[in-house]
Structures are given as C-alpha cells and as structure tokens.
Amino acid sequence: MATTQFGPVEFVAIAFPSERVPDAVKIAIADLLGSDVVRLLDLTVIRKGDGGEIDVIEVEDLGDELDITETQLGSSGLAGQEDIDDVASNLEPGTSALVLIVEHSWARQFVGAVHDAGAAVIAQERIPADVVNEIVELAEIEVG
C-alpha cells in the first residue's frame, strides 16, 4: 500500500459572541488533539474590536490564549489570507472567530487503501452536528 501523507483536511471557522475563546472550547480542542482523531495543521484567532478593528493572531503568537501552543503543527499557513479576510468580514464588532485547519488523521490509512484499490470518492458531504441532532430529535418525537 502506498504511504498516504494526509487524510482529508477540513477548514473550520467558529464564531464566538465575545473577543475570547471560551474555556470549554479550549479544553475540547486540547482533548480532541490528544485523541489522534485529528491533527491540527493550522490555527488562527481573529478578533473584531468594538470599533471594527481586526486583530489576527497566529498559533505561534497565542501565548497562553490556548493551551495548545505546544502542539506541533503538521503545517502552517494553510488558512490563506483570503480565508482569514472572509471570516473577519463576517464578524460583528466585539466578537471573535477560531479558524482551524485539521486533518482527519483517522482516515489516512483508509484513503491509502481506497487509492491503492483504484477506487475514487464520488460523493462527500459534511452534515453539521446541529442538523443531525435536530433530525434525531424529530425522529424520536415522532416515534415516542
């Protein structure tokens, strides 16, 4: 089997109603990264001040902001300036966003096996957790 360097990579931007990343989110990110399910490739915090000024903080400049600064990034700079600008333009004053580029490392071996088999992914869609939870909740109400 050919060695596959990366599994699928995903760009995730999460907006927060304040200028700081909540502690519970920091803990959840650290737990996820410690699980080997995903590998952090890039991370950026974007803040929009009350006056509309934008502050972009790369992972190496976060200091104690997130307890994951010791994490070795698989790469860096994968979130391009256009991506950052797009996220920043959608923030309200006094809010922030966390931009993560993560590799689904759990799928790396699977991707290699698919490639070696001469197969191809013909469809892929991510369904947001909110949608799945709502569908399940509605199904339980109809059954119950």
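Use the structure listed above.
Predicted model, so just to flag it, every value in this text is computed and none were measured. (Residues numbered from 1 in each chain as written. Predicted model: local features only at pLDDT ≥ 70, side-chain atom pairs only at ≥ 80, totals over all residues. Heavy atoms only, no water.)

Engineer: Can you explain the nonpolar core? Please cite residues and give values.
Structural biologist: Ranked by internal contacts, the top residues of the largest apolar core, which has 13 residues, are Leu-33, Leu-40, Leu-43, Val-45, Leu-98, Leu-100 and Val-102. For this core, the secondary structure elements donating two or more residues are helix 1 (23-33), strand 2 (39-48) and strand 4 (95-103). Among the nonpolar cores identified, the runner-up in size contains 10 residues, and Val-87, Ala-88, Leu-91 and Val-99 belong to it. (Core = buried A, V, L, I, M, F, W, Y, C linked by side-chain atoms within 4.5 Å. Buried < 20%, exposed > 50% of the residue type's maximum accessible area, 1.4 Å probe, protein only. Helix = DSSP H or I, 4+ residues; strand = E, 2+ residues; numbered from the N terminus.)

Engineer: Describe the layout of surface pockets, naming the residues involved and giving the relevant values.
Structural biologist: In this structure, the largest pocket spans a volume of roughly 330 Å³. In terms of lining residues, the largest pocket is bounded by 16 residues, among which Pro-8, Trp-106, Ala-107, Val-111 and Gln-124 are the most central. Mapped by element, the contributors of at least two residues to the lining of the largest pocket are strand 1 (9-16) and helix 3 (108-116). Size it by volume and the second largest pocket reaches roughly 250 Å³. Looking at the second largest pocket, the residues that line it are Glu-10, Val-12, Ile-14, Ala-28, Ile-29, Leu-32, Leu-33, Val-38, Leu-100, Val-102, His-104 and Arg-126. Among the secondary structure elements, those contributing two or more residues to the lining of the second largest pocket are strand 1, helix 1 and strand 4. Considering every element that reaches the lining of the second largest pocket, the biggest residue donor is helix 1, with four residues. Here the residues of the lining of the second largest pocket are counted per class, giving nine nonpolar, one polar and two charged. (1 Å grid on protein atoms, 1.4 Å probe; cavity = no way out; pocket = protein on both sides within 12 Å on 5 of 7 lines; lining within 4 Å. Points joined across faces, edges and corners; volume = space filled by probe spheres on them. Nonpolar A, V, L, I, M, F, W, Y, C, P; charged D, E, K, R; others polar.)

Engineer: Run through the pattern of salt bridges, naming residues and quoting values.
Structural biologist: This structure, assessed with the given rule, holds four salt bridges. Where Arg-126 meets Glu-10, a salt bridge forms, and the shortest distance between an N and an O atom there is 2.6 Å. Of this pair, Arg-126 sits in the loop between helix 3 and helix 4 (129-143) while Glu-10 is found in strand 1, placing the two residues 116 residues apart along the sequence. Judged by its relative accessible area of 18%, Glu-10 falls in the buried class. The partner of Lys-26 in a salt bridge is Asp-23, with the nearest N and O atoms 3.5 Å apart. Taken together, the residues Lys-26 and Asp-23, both in helix 1 and three residues apart, mark about one turn of the helix. Among the residues examined, Asp-23 registers a relative accessible area of 55% and is labelled exposed. Through salt bridges with shared partners, one network takes in Arg-39, Glu-103 and Arg-108. (Salt bridge = Lys/Arg side-chain N within 4 Å of Asp/Glu carboxyl O.)

Engineer: Pulling in residues and values, what's your account of the sheet that holds strand 1?
Structural biologist: The four strands are arranged 1-4-2-3 in an open sheet whose pairing can be described as antiparallel. Only two strands of the sheet have a single partner each, and these edge strands are strand 1 and strand 3 (54-58). Neighbour-to-neighbour, the strand axes of this sheet turn through a mean angle of 15°, independent of strand direction. Sheet topology places strand 2 next to strand 3; five bridges connect them, and they run antiparallel. Residue pairing for strand 3: Val-45 is matched across the bridge by Ile-57. Each of strand 1, strand 2, strand 3 and strand 4 touches helix 2 (residues 81-89); the most contacted strand, strand 2, lies at about 40° to it. (Pairing = 2+ DSSP bridges. Axes fitted to C-alpha atoms, helices over the stretch in contact; angles between N-to-C directions. Contact = heavy atoms within 4.5 Å.)

Engineer: Break down a negative patch on the surface for me, with residues and values.
Structural biologist: There is a patch of like negative charges on the surface, built from Glu-82, Asp-83, Asp-85 and Asp-86. Residue position: Asp-85 is located in helix 2. You can call Asp-85 partly exposed: its relative accessible area is 43%. (Patch = residues over 30% accessible without salt bridge, like charges linked within 9 Å, V, L, I, M, F, W, Y side chains within 5 Å. Areas by Shrake-Rupley, 256 points an atom, 1.4 Å probe, with all protein chains shown as cover. Lys, Arg positive; Asp, Glu negative; His and termini not counted. Charge placed at Lys NZ, Arg CZ, Asp CG, Glu CD.)

Engineer: So what about the environment of Val-21? Which residues, and what values?
Structural biologist: Inspection of the secondary structure puts Val-21 in the loop between strand 1 and helix 1. By relative accessible area, which is 3% here, Val-21 ends up buried. Counting along the chain gives 75 residues from Val-21 to Ser-96, while the straight-line C-alpha distance between them is 7.5 Å.

So far we have only geometry, and geometry alone does not tell us how the molecule works.
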